[in-house]
Amino acid sequence: MFFSNIISSVLTRLVVSSMKQTHKHRYSTRTSQNYTDANRKPYTLRYAPKDVKEQESKVISTIRKDAKAIAVAKLQAGEVIAIPTDTVYGLTCSANNPEAIHRLYNIKGRHELKPVAICVASIEDVRQWGETDHLNDELLGELFPGAVTLVVRRSSKLNNPALNPGVANIGIRITENKFIQHVCEAFQQPIALTSANKSSSKSTLNVEEFKELWGELGAVFDGGQLGLSEEQRAASTVIDLSEPERYKIIRWGVSVEKIIKTVERHNFRAVE
């Protein structure tokens, strides 16, 4: 009887001890799990500020001393960048780089059969990349630089098959924005240019308005607010001067009345 009581007491203690250990293990597991769960959210959130910082690091003020050099390097590397013009912000890349052109269209969400213009630094460049023998220097000097895209026959030198395939004409710009002028001059090649927004969305007047595109761009060059009026968002006027003494307004944009007066003063007449 004595030994029976001892054995019963020992067994009871073992059972109680086992239950305590099990409870302790469960508590420890729950505590550890809670600790892990509690730390997952901050751990995940650490990436959000990093991603934001990475995107914001792409934004470069156009007044930075090395901004032009960075822009040229990005273009030479085949990247797509955002850049201010004299009307709205634009997306641009090397016009003679097929892969860069495809990337530009993908970022824009634009159909590749829909043409884009090129931007150059000087009237000499306009003549190099477009057929302009029927346009005198005085007329071109009155149109450029300015908020106009001049459509002419494309030169055989502009031979990138990915740039406006099957289209005989090309739109050419020389903007009044000094930064893009200097970039074009330093790059020494035409750059493809389209507005910095998703296809069918409104044009943008500051870099924050196309922030959703930053992650896909090599750099975003911030030239500040380009304007406040909705008229400014109309972008450049696109005028077809591919035929002698004939003009056609393809897109009514900024300064369209002034542009019409200029070409008509040089004996160009509207095509119906």
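Residues numbered from 1 in each chain as written. Predicted model: local features only at pLDDT ≥ 70, side-chain atom pairs only at ≥ 80, totals over all residues. Heavy atoms only, no water.

**Things to note about the overall build of the protein chain**
The number of helices and strands found in the protein chain is eight helices and 12 strands. Considering the protein chain as a whole, with its 272 residues, one finds that 43% of them fall into the buried category. A sequence separation of at least 24 residues applies to 64% of the contacts in the protein chain between residues at least 6 apart. When the accessible surface of the protein chain is totalled, it reaches about 15400 Å², and 53% of it is carbon and sulfur. (Helix = DSSP H or I, 4+ residues; strand = E, 2+ residues; numbered from the N terminus. Buried < 20%, exposed > 50% of the residue type's maximum accessible area, 1.4 Å probe, protein only. Contact = heavy atoms within 4.5 Å. Areas by Shrake-Rupley, 256 points an atom, 1.4 Å probe, with all protein chains shown as cover.)

**Quick word on the packing of aromatic side chains**
For the structure shown, the criterion picks out two aromatic pairs. Between Tyr89 and Phe210, the ring centres sit 5.7 Å apart and the planes meet at 45 degrees, which makes this aromatic pair tilted. Of the two residues, Tyr89 sits in strand S3 (residues 89-94) while Phe210 sits in the loop between strand S8 (191-195) and strand S9 (219-222), which places them 121 residues apart along the sequence. For Tyr89, a relative accessible area of 0% puts it in the buried group. With a centroid separation of 5.5 Å and an interplanar angle of 40 degrees, the aromatic rings of Phe179 and Phe221 are classed as tilted. Highlighted residues: Phe179 in helix H7 (residues 178-187) and Phe221 in strand S9, separated in sequence by 42 residues. (Phe/Tyr/Trp six-rings, centres within 6.5 Å; stacked < 30°, edge-to-face > 60°.)

**Concerning the pattern of salt bridges**
Inspection of the entire model under this criterion finds nine salt bridges. One salt bridge in this structure joins Glu142 and Arg265, with 2.4 Å as the shortest N-O distance. Of the two residues, Glu142 sits in helix H6 (residues 137-143) while Arg265 sits in helix H8 (residues 256-265), which places them 123 residues apart along the sequence. The salt bridge involving Arg233 is made with Glu209; its shortest N-O contact spans 2.9 Å. With a gap of 24 residues between them, Arg233 in the loop between S9 and strand S10 (237-240) and Glu209 in the loop between S8 and S9 connect regions that are remote in the sequence. (Salt bridge = Lys/Arg side-chain N within 4 Å of Asp/Glu carboxyl O.)

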